[in-house]
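Architecture and fold: a report
Each chain, letter by letter, is given below.
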Amino acid sequence: MDLSPAALIASLLVSSAGFGLFLYGRKQDRIPQLLAGLVMMGCPYFVPGALGIWGVGTATTLALVAALRQNM
């Protein structure tokens, strides 16, 4: 895990958005939001650097939007 200020801020913001998605998915029984939230909360532990964290967060969000457009 990278402890630079940029990586810490990126992990805080991406994980916070993931936590919100996770809570929404759990409360509404929505599997895509639940899984996207779990991925976004867990990615800062496995992805080093701020750009990697932002990339995983963006890719997860785009995958969630694509899944929701297909009525999953």
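Before any of the text, the structure's been laid out above.
Now for a look at the structure at hand. Quantities reported herein were computed from a predicted structural model and do not represent experimental measurements.

Moving on to the packing of helix H2 (residues 31–46) against helix H3 (residues 50–69). Two elements in contact, H2 and H3, have axes whose closest approach is 10 Å; the angle formed by their N-to-C orientations is 175 degrees. One finds that H2 runs roughly antiparallel with respect to H3. Between H2, through Pro32, Gln33, Ala36, Val39, Met40, Cys43 and Pro44, and H3, the contact on the second element is made entirely by Ile53, Val56, Gly57, Thr60, Thr61, Leu64 and Leu68.

Quick look at a nonpolar patch on the surface now. Judged by side-chain polarity, Ile9, Leu13 and Trp54 come together as a nonpolar surface patch covering roughly 300 Å² of accessible area. With respect to the helices and strands, Trp54 occurs in helix H3. Of the residues examined, Trp54 reaches a relative accessible area of 38% and is grouped as partly exposed.

Along the polypeptide, Asp2 turns up in the segment before helix H1 (5–28). Exposure remark for Asp2: the relative accessible area of 33% places this residue in the partly exposed category. Taking C-alpha positions, Asp2 is 12 Å from Cys43, a pair spaced 41 residues apart along the chain. Once you skip the residues sitting within four places of it in the chain, Asp2 turns out to touch Ala7, Leu8 and Gly49.

Buried together is how nonpolar side chains tend to be arranged in soluble globular proteins. If you look at the biggest cluster of nonpolar residues, it comprises seven residues: Ala7, Ala10, Val14, Met40, Cys43, Ala50 and Ile53. Looking at this core, the elements with two or more residues in it are H1, H2 and H3. Among the elements that line this core, the one with the most residues is H1, at three residues. Beyond its immediate sequence surroundings of up to four residues, Ala7 is in contact with Asp2, Gly49, Ala50 and Ile53.

Definitions and limits used
- Residues numbered from 1 in each chain as written.
- Predicted model: local features only at pLDDT ≥ 70, side-chain atom pairs only at ≥ 80, totals over all residues.
- Heavy atoms only, no water.
- Axes fitted to C-alpha atoms, helices over the stretch in contact; angles between N-to-C directions.
- Helix = DSSP H or I, 4+ residues; strand = E, 2+ residues; numbered from the N terminus.
- Parallel < 35°, antiparallel > 145°, perpendicular 65-115°, else oblique.
- Contact = heavy atoms within 4.5 Å.
- Patch = residues over 30% accessible without salt bridge, like charges linked within 9 Å, V, L, I, M, F, W, Y side chains within 5 Å.
- Areas by Shrake-Rupley, 256 points an atom, 1.4 Å probe, with all protein chains shown as cover.
- Salt bridge = Lys/Arg side-chain N within 4 Å of Asp/Glu carboxyl O.
- Buried < 20%, exposed > 50% of the residue type's maximum accessible area, 1.4 Å probe, protein only.
- Core = buried A, V, L, I, M, F, W, Y, C linked by side-chain atoms within 4.5 Å.

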